[in-house]
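# Report on the structure
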Amino acid sequence: MEKINDCSSCINFRKAAVIGCGFVGSASAFSLMQSGMFTEMVLIDANKERAEGEALDISHGIPFARPMKIYAGNYDDSADAGIIIITAGANQQPGETRLDLVKKNIKIFESIIPEISKRNFKGIMLIVANPVDILTHVAIKLSGLPENRVIGSGTVLDTARLKCEIGEHLNVDSRSVHAFIIGEHGDSEIAAWSCANVSGIPLNDFCEMRGHFDHKKATEKIASDVKNSAYEIISRKKATNYGIAMSVKRICEAIVRDEKSILPVSAMMHGEYGIKDIVLSMPSIVGKNGFETHVPIALNKEEIENLQKSAAILKGILKENNLL
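Report on the accompanying structure.

Reading guide: rules and limits
- Residues numbered from 1 in each chain as written.
- Predicted model: local features only at pLDDT ≥ 70, side-chain atom pairs only at ≥ 80, totals over all residues.
- Heavy atoms only, no water.
- Phe/Tyr/Trp six-rings, centres within 6.5 Å; stacked < 30°, edge-to-face > 60°.
- Lys NZ or Arg CZ within 6 Å of the ring centre and 35° of its normal.
- Helix = DSSP H or I, 4+ residues; strand = E, 2+ residues; numbered from the N terminus.
- Contact = heavy atoms within 4.5 Å.
- Buried < 20%, exposed > 50% of the residue type's maximum accessible area, 1.4 Å probe, protein only.
- Pairing = 2+ DSSP bridges.
- Right-handed = clockwise from strand over helix to strand, strands pointing away.
- Expected span 1.5 Å × (residues − 1).
- Bend = angle between axes of the 7 residues up to and from the residue.
- Core = buried A, V, L, I, M, F, W, Y, C linked by side-chain atoms within 4.5 Å.
- Salt bridge = Lys/Arg side-chain N within 4 Å of Asp/Glu carboxyl O.

Within a pair of aromatic rings, the relevant descriptors are the distance that separates the centres and the angle that separates the planes. Under the counting rule described, the total for this entry stands at zero aromatic pairs. In this structure, Lys69 packs its charged tip against the face of Tyr71, placed 4.9 Å from the ring centre.

Moving on to the environment of Asn91. One can find Asn91 in the loop between β4 (81-86) and α4 (102-118). For the pair Asn91 and Ile234, spaced 143 residues apart in sequence, the C-alpha separation works out to 9.9 Å. Apart from the residues lying within four places of it in its own chain, the contact partners of Asn91 are Phe23, Glu96 and Leu101.

What follows concerns the pairing of strand β1 (residues 12-19). For β1, a buried count of six out of eight residues is recorded, marking the element as mostly surrounded by other parts of the structure. Two elements, β1 and β4, share five bridges in a ladder whose sense is parallel. The residue of β4 that forms the bridge with Ile19 is Ile86. Across five bridges, β1 lies against strand β2 (residues 40-44) in parallel orientation. The residue of β2 that forms the bridge with Ala17 is Val42. With helix α1 (residues 23-35) bridging β1 and its parallel neighbour β2, the resulting β-α-β unit is right-handed.

Another point: unusual backbone geometry. Here the amide bond leading from Asn130 into Pro131 is cis, since omega sits at 0 degrees, within 30 degrees of zero. Position of Pro131 relative to the elements: it lies in the loop between β5 (124-127) and α5 (132-143). The phi angle at Asn120 is positive, at roughly 55 degrees, despite the residue not being glycine. By secondary structure assignment, the location of Asn120 is in the loop between α4 and β5. Even without a glycine there, the phi angle at Lys260 is positive, about 60 degrees. Its place among the elements puts Lys260 in the loop between α9 (242-256) and β12 (261-270).

Let us now look at helix α8 (residues 215-237). Between its terminal C-alpha atoms α8 stretches 32 Å, which fits the 33 Å expected from 23 residues at 1.5 Å a residue. Approximately 50 degrees is the largest bend angle found in α8, and it occurs at Asn228. Here α8 has its buried residues at His215, Ala218, Thr219, Ile222, Val226, Ser229, Ala230 and Ile234. Positive backbone phi, approximately 75 degrees, marks Lys238, located one or two places after α8.

Here we come to the nonpolar core. Within the largest apolar cluster, 46 residues are counted, with the highest numbers of intra-cluster contacts made by Ile86 and Met125. By size, the runner-up hydrophobic cluster in this structure holds 37 residues, among which are Phe38, Ala55, Ile124 and Val248.

To continue, consider the sheet that holds strand β11 (residues 201-202). One open sheet accounts for three strands, arranged β7-β10-β11; its pairing is antiparallel. Strands with a single pairing partner mark the edges of an open sheet, and in this sheet they are β7 (177-178) and β11.

Before going further, it helps to examine the pattern of salt bridges. What the rule picks out here adds up to 16 salt bridges. Note that Lys260 is salt-bridged to Asp258, the shortest N-O span being 3.3 Å. Linked by salt bridges that have partners in common, Lys249, Arg250, Glu253, Arg257 and Glu259 make up one network.

Here we come to the pairing of strand β3 (residues 69-72). With four bridges connecting them, β2 and β3 associate as parallel partners. Each bridged residue has a counterpart across the sheet, and for Met41 the counterpart in β3 is Ile70.

Structure below.
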């Protein structure tokens with residue numbers, strides 16, 4: 001991997017740019033405004049009036065948060081941003097998988113990423129549009145940026161959903177649950193049960209403490225509910241936006257505050273678990289330089305095999321689209 005470059009002296013980490021003002025982009029901008037992390041935020045959309053309307057609406061919440069400048073702009077306005085968040089892309093429709101969006105959203109990225117590159121962007125590029133692992137790969141190739149500075153939102157949201165489901169199952173605070181969804185952010189994702197625990201207590205042991213003994217049935221149901229949760233939401237309200245907006249805020253926090261947090265973001269694999277040259281969502285250290293390194297977690301043989309199958313699915317799609 002290319003050596004991490006410290007860009008903190010040449011960019012404004014208190015400035016964010018959000019490209020795409022649909023459901024996800026606008027909810028993310030609203031979440032970021034509430035966070036108080038940024039003093040400036042520019043919204044960019046192919047529909048300039050939509051961006052202007054969202055900026056105006058969100059700005060009316062500033063008196064209840066912290067002072068900042070929010071406005072609609074263009075790619076020139078994003079050049080010095082510490083983080084560019086790309087949510088632009090076609091929405092997932094009822095019955096449609098994330099991978100079904102590939103061709104449509106690659107074309108959109110082919111129009112967006114070169115515009116960012118022209119401005120000699122020095123910050124972190126956070127990809128949120130789906131399929132996020134594929135599009136993060138595309139963004140790395142199109143931008144020419146170091147791999148560490150192009151990351152995807154990955155399975156940060158899926159992992160939050162997993163923690164939520166486990167917390168509800170055990171009637172404990174989900175913040176005390178430590179578990180990951182890994183692999184593709186999509187239908188081939190894997191719940192890494194081998195390393196799951198509640199405040200350091202192995203998951204199965206904690207389940208038995210709470211009166212649950214049919215571990216296989218429970219874990220299969222939880223994993224299925226997590227994987228299908230986006231479909232359930234989309235079938236009812238046509239889009240998912242609030243959960244992913246909070247995920248975007250969490251990733252931005254780790255970057256802006258240089259937290260060195262461990263989050264399952266999308267980043268390039270270089271031989272870990274026998275996988276290379278594919279972007280996957282895996283636990284990673286995230287700080288001011290974006291991706292720092294993958295964190296090895298204990299996986300059993302079946303989980304590793306499923307992870308490799310997930311990687312193979314993504315590799316096949318990349319080859320079909322001449323991206324490998």
